[in-house]
Amino acid sequence: MKTTVVCSGGLDSVSLAHMIAAQGGLSRLISFDYGQRHRKELDFAAAAARRLGVPHHVIDMRGVGAVLTGSALTGGAEVPDGHYAEETMRITVVPNRNAIMLTVAFGMAAAMGDRAVATAVHGGDHFIYPDCRPAFTEAFQHMQDAALDGYAQVRLLTPFVHRSKADIVTEGARHGTPFAETWSCYKGGTLHCGRCGTCVERREAFHLAGIPDPTAYEDGDFWRQAIAERGRA
């Protein structure tokens with residue numbers, strides 16, 4: 001089934017792209033420039049497309065992102081340190097981001113004859129991001145069925161929506177994902193910071209999966225402290 005993969009350049013979406021490619025269905029990657037704090041992740045998405053031999057479409061949504069204010073990912077607020085599931089991480093929510101991106105991805109897939117759009121939302125996202133939850137993805141499929149009625153049938157693939165980040169690491173390793181060539185950190189420095197929620201979650205996922213983490217972190221030990229503090233909360 002010809003599939004468009006929404007790819008940020010992060011561990012989850014690049015692993016998903018490698019998995020879909022291994023199954024023989026990958027047709028293209030789509031990424032979004034929505035004015036996020038850094039565009040570094042888009043370079044990793046482009047590298048994944050080159051590696052997998054598929055087109056890479058980068059959609060300029062900076063005008064849209066400019067009005068999605070209030071998030072540390074699009075504004076001037078500092079990205080907090082700590083565990084991904086902390087209440088403080090709500091400042092990283094970009095309202096309606098996935099809904100907007102998926103709508104564009106579905107339109108492109110339908111126009112180009114793809115039969116599915118795959119996104120790497122996972123169980124660890126549910127606490128913070130409402131448009132990563134199963135209720136959203138199920139409702140979105142119904143909405144697209146109506147929006148494309150009589151024109152195209154495009155499925156939303158969410159293979160990780162009930163699975164953990166550690167499960168994604170396991171799947172990524174199974175399908176040869178070069179984890180060092182993915183970017184998760186919200187801060188966008190020379191190295192992964194090791195302290196923001198996505199860095200802590202990334203480091204913890206490799207630990208739980210029992211797979212060596214090839215990532216270079218500025219602070220490679222902070223994740224243990226963040227997890228311990230989360231456990232005491």
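Cut-offs and rules
The residue numbering used here restarts from 1 in each chain and proceeds along that chain's sequence as written. Totals for whole chains, interfaces and linings use every residue, but because this is a predicted model, local features are given only for residues with pLDDT of at least 70 and side-chain atom pairs only at 80 or more, for both listing and counting. Excluding hydrogens and water, the side-chain figures rest on all heavy atoms present in the structure. UniProt positions are given in the numbering used here, feature names are shortened, and annotations may be inferred rather than shown by experiment. We call a residue buried when its accessible area falls under 20% of the maximum for its residue type, exposed when it is over 50%, and partly exposed in between, using a 1.4 Å probe and counting protein chains only. Only heavy atoms matter for contacts: two residues are in contact if any of them lie within 4.5 Å across the pair. Labels follow the DSSP assignment, with helices taken as runs of H or I lasting at least four residues and strands as runs of E lasting at least two, numbered in each case from the N terminus. By definition, a salt bridge exists where a carboxyl oxygen of Asp or Glu is found within 4 Å of a side-chain nitrogen of Lys or Arg. Two strands make a pair as long as DSSP finds a minimum of two bridges between them. The path from the first strand over the helix to the second decides the hand: if it runs clockwise while the strands point away from the viewer, the crossover is right-handed.

Tell me about the UniProt feature "binding site: Zn(2+)" (unreviewed entry) in the chain, and name the residues and values.
Within this structure's numbering, the places UniProt gives as "binding site: Zn(2+)" (unreviewed entry) are Cys185, Cys193, Cys196 and Cys199. On the basis of relative accessible area, cysteine 185 is assigned to the buried category, the value being 1%. Every residue in contact with cysteine 185, bar those within four places of it in the chain, is listed here: His38, His192, Cys193, Cys196, Thr198 and Cys199. With respect to the helices, strands and loops of the structure, cysteine 196 is situated in the loop between α6 (165–174) and α7 (197–209). The exposure class assigned to cysteine 196 is buried, which follows from its relative accessible area of 0%.

Requested: an account of the pattern of salt bridges, with residues and values cited.
Summed over all chains, the structure comprises 12 salt bridges. Note that aspartate 12 is salt-bridged to lysine 165, the shortest N-O span being 3.0 Å. With a gap of 153 residues between them, aspartate 12 in helix α1 (residues 11–22) and lysine 165 in helix α6 connect regions that are remote in the sequence. We classify aspartate 12 as buried; its relative accessible area is 14%. Note that aspartate 219 and arginine 195 form a salt bridge whose closest N and O atoms lie 2.9 Å from each other. Separated by 24 residues along the polypeptide, aspartate 219 in the loop between α7 and α8 (222–232) and arginine 195 in the loop between α6 and α7 bring together distant segments of the chain. Salt bridges sharing common partners tie together Asp33, Arg39, Asp60 and Arg62.

Which residues make up the pairing of strand β2 (residues 26–33), and what are the values?
Counting buried residues along β2, 8 of its 8 residues qualify, which places the element largely inside the surrounding structure. Bridge count for strand β1 (residues 3–6) against β2 is 4 bridges, and the pairing is parallel. Paired with threonine 3 across the two strands is leucine 26, which belongs to β2. For the crossover that starts at β1, traverses α1 and ends in the parallel β2, the hand is right-handed. Bridging between β2 and strand β3 (residues 56–60) involves 5 bridges; their strand directions are parallel. Along β3, the bridge assignment pairs phenylalanine 32 with isoleucine 59.

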